[in-house]
Every structure is written in structure tokens, then in C-alpha cells.
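Read off the chains here:
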Amino acid sequence: MANPIKLGLVGIGRAGNGMHRSELASRGDKFQFAAVCDIIEERAAAMAAECGCRGYTKIEDILADPEVEVVDIATRSADHYKHAKMALLAGKNVFLEKPFCMNTAEAKELISLGSEPGGPKLFIRHNRRFEGGFETAMEIINSGKLGDVYEIKLTRNSYQRRKDWQTISEFGGGQLLNWGPHIIDHSLRFCGGDYTDLYSSIKHVAAAGDCEDHIKIVFTGVNGRVVDMEISGGMAIPTPVYTVYGSKGAMVSEGESFRLKYLDPAVALSEVKADPATPGSGAAFGNTEELKWVEETIPFEDGTDRVWDALYDAIRFGKEYPIPLYQAAKVVEVIEKVKEGTVFQNK
């Protein structure tokens, strides 16, 4: 028998209405809106009428609604900490949009409030953990067909002269808090969960406002792998989202697929020894052996909305939610370090 979770959505804007609501349209057996809330009365009234639920303009009212099981927070980035804390203190489970919060102190406080035995639970919406490209890349890397993967480049590049609130620091704007949490989270997963060294550079290139719209972060992972991530609103030529370097092959993303080229595992490589002699005129610079390559295309599909299924399973069946709070807090730590300066060594 269906036992849908009763949601209270706070923030009916680009994320709340444009993403959360549309993703839940096919999950009526798992989630139903009990109430919605927005400071713009017309938004709240319209969505309440369309969804057949109650509409509020004050967060205090939705938190006092006894039918609301989970408060889904999709307000502006700078308000996430305040609104999540209010909900947790009111005894409500919280599903919190990225960014988690503005700094590690806020993250630690929310984790404490949202992880007490028998108390309300906190879940962070790092929905791009379920991105088809990320999941497929991880599977291919772990398969070993590319050999020892020693470097990965991740990009989310475009050219945008943005002028919305996400370009204004007062509201938690900037790409570090927009695309940043997603790609930093991916980078940390490719790094083995943590890093030993980090280099960063942030710039304001094309957008309005007072925030960065170009980010470069280079991690050295605890697994020895280098992960070079870039997010830019000032890059006019598209770049591959994923480029992966391995000791026996490589792959690059092309739209919704990966193109791989790797050494045929069925063909044994001959032993190669370095020759200290001086080559004569016209000699080759390298080894003249003929390598047997395999070329392959592997498609993937977007699955970011599956974060809702994971949330449902965690609340209704007690299954482990795949984004642990300590991993979400590590993302906040990286963002804080990047804001502090361009070079940081995590010793």
C-alpha cells in the first residue's frame, strides 16, 4: 500500500517550482504536498490551488502544520542554514537544497541538530550524485579497463552575462555556491573522499553582480589522483564535461555518452626497457611496437531525480541515504577554503 511522505515546500522559485515540483510529478505514490510556502503570496496561493494543499507566506506557519513530515527547503542559498535550523528545532525532517550552508560552523550545527537518535533527520540534496555521466564514469574507472586513472578533468562551461540574484553575494550567489557543490562533490568522490593538496583560483569575468563566475580548483586526492575542475560563465567554446586519463587508455564525454580508447586487455604487452644509447640520424623517438587499441562508446542517461527515491527509502524503510552528512560538510569545507585564498595545503 502506498504511504506517501507529506511534504512542506519552502521556496516556490526556480528550484522549488521548476525542479522539485516537476521531479515529483511522477512520484505521487511516494510524495504529496501537504503545504507550500513562499514570501510572494501569489506564488503560494497558485501552487496550493494547483496541488490541492495549504499555502503559507511565513515559514513559521508551515513548520507548525502537523501534517508536514518533511520540510523541503528550496529558498535562496544564504537562507538555507536559518530555515533548516528552524525546521529541525520544530521537530521536522529536512530535505535541504544545495548549497548545504555558507560555512563549516553552520554545517556542524545543522549536522548536530539533524543526527540525534530519535530526533528529526537532515538530508542534503546533492542530486547530481545520481547523474548518469558521473555514475557511468565511476563504473568505467572502477572496472580497470583504463588502467590506473591518474588525472580527471571536470568542466561545466558556458558564456553567460547573468544578472539574477545568484550573482549577488548578499544572497549567497556565485558559482562556488551554484554549480560548485555538485562538481566539488564529484571531485571529492574521484579523489577517494578527501584531498592532500588543493589549488584554486576564482574570477569575476562576464556576469553582473559581485560574485565569481569562473572557478578553477585542482585537487590532489588521498588516492594520489589529480582532479582538475572548472566551472565558468566566461567560456565561449564548449568543453567536454569529463576527460579521464589512465595508464592504459582514456575517455572523454560527448553529449550523453563516453568515447573510450584503451589497450586491448587480450593482447599482452611486450617488455620495454629504456635504451641509454644515442639514437642515430633518422631514428624514431619512441617505441615502434604496434599497439592494439579498443574503441568503445558507452551511453548514459540522466537520473538526478532518483535522489527523491533515495530520500523516500531512507525515511520510510530506514535505508542508508547515499549522501552522508560528513561528505556534504566536506564540500562546504572546500568552498570555504577556496574563498579564503587561492592556495591551501590540507596537512
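Each remark here, short or long, concerns the structure printed above.
Scope of this entry: the structure provided in the associated data block. This one's a predicted model, so the numbers in the text were calculated from it and none came from an experiment. (Residues numbered from 1 in each chain as written. Predicted model: local features only at pLDDT ≥ 70, side-chain atom pairs only at ≥ 80, totals over all residues. Heavy atoms only, no water.)

**Points about empty space enclosed by the protein**
For the structure on display, the rule yields 2 cavities of 30 Å³ or more. Here the largest cavity defines a volume of roughly 90 Å³. In this structure, the largest cavity is lined by 13 residues; those nearest its centre are R162, T167, Q175, A207 and D213. In this structure, the second largest cavity occupies an estimated 30 Å³ of space. Along the walls of the second largest cavity sit P99, F100, C101, H126, P181, A328, V331, V332 and I335, which together make up its complete lining. In terms of residue count, helix α9 (residues 325–340) provides more of the lining of the second largest cavity than any other element does, 4 residues in total. Classifying every residue of the lining of the second largest cavity gives 8 nonpolar, 1 polar and no charged. (1 Å grid on protein atoms, 1.4 Å probe; cavity = no way out; pocket = protein on both sides within 12 Å on 5 of 7 lines; lining within 4 Å. Points joined across faces, edges and corners; volume = space filled by probe spheres on them. Helix = DSSP H or I, 4+ residues; strand = E, 2+ residues; numbered from the N terminus. Nonpolar A, V, L, I, M, F, W, Y, C, P; charged D, E, K, R; others polar.)

**With respect to unusual backbone geometry**
Omega for the peptide link from K98 to P99 comes to -5 degrees, which places this bond in the cis form. Structurally, the position occupied by P99 is in the loop between β5 (93–97) and α5 (104–113).

**Points about the packing of aromatic side chains**
Given two aromatic rings, one states the distance between the centres and the angle between the planes to describe the pair. Summed over the entire model, instances satisfying the criterion amount to 10 aromatic pairs. For the ring pair F31 and W308, a centre distance of 5.4 Å and an interplane angle of 75 degrees mean the geometry is edge-to-face. Within this pair, whereas F31 is found in strand β2 (residues 31–37), its partner W308 is found in helix α8 (residues 307–317), the two being separated by 277 residues in sequence. Put simply, the rings of F31, F95, W308, Y312 and F317 touch in pairs and so form one group of aromatic residues. One Lys or Arg, K261, reaches over the ring of W293 and ends 5.0 Å from the middle of that ring. (Phe/Tyr/Trp six-rings, centres within 6.5 Å; stacked < 30°, edge-to-face > 60°. Lys NZ or Arg CZ within 6 Å of the ring centre and 35° of its normal.)

**Let's talk about the packing of α5 against α9**
For the pair α5 and α9, interaxial distance at closest approach is 9 Å and the crossing angle is 165 degrees. The angle between the axes of α5 and α9 places the two elements in the roughly antiparallel class. In this structure, α5 crosses over α9, and the sense of that crossing is right-handed. Between α5 and α9, the residues in contact are T104, A107 and I111 and L325, A329, V332, E333 and E336, respectively. Considering only residue class, the contact of α5 with α9 consists of 5 nonpolar, 1 polar and 2 charged. (Axes fitted to C-alpha atoms, helices over the stretch in contact; angles between N-to-C directions. Parallel < 35°, antiparallel > 145°, perpendicular 65-115°, else oblique. Left-handed = near helix turned anticlockwise from the far one by under 90°. Contact = heavy atoms within 4.5 Å.)

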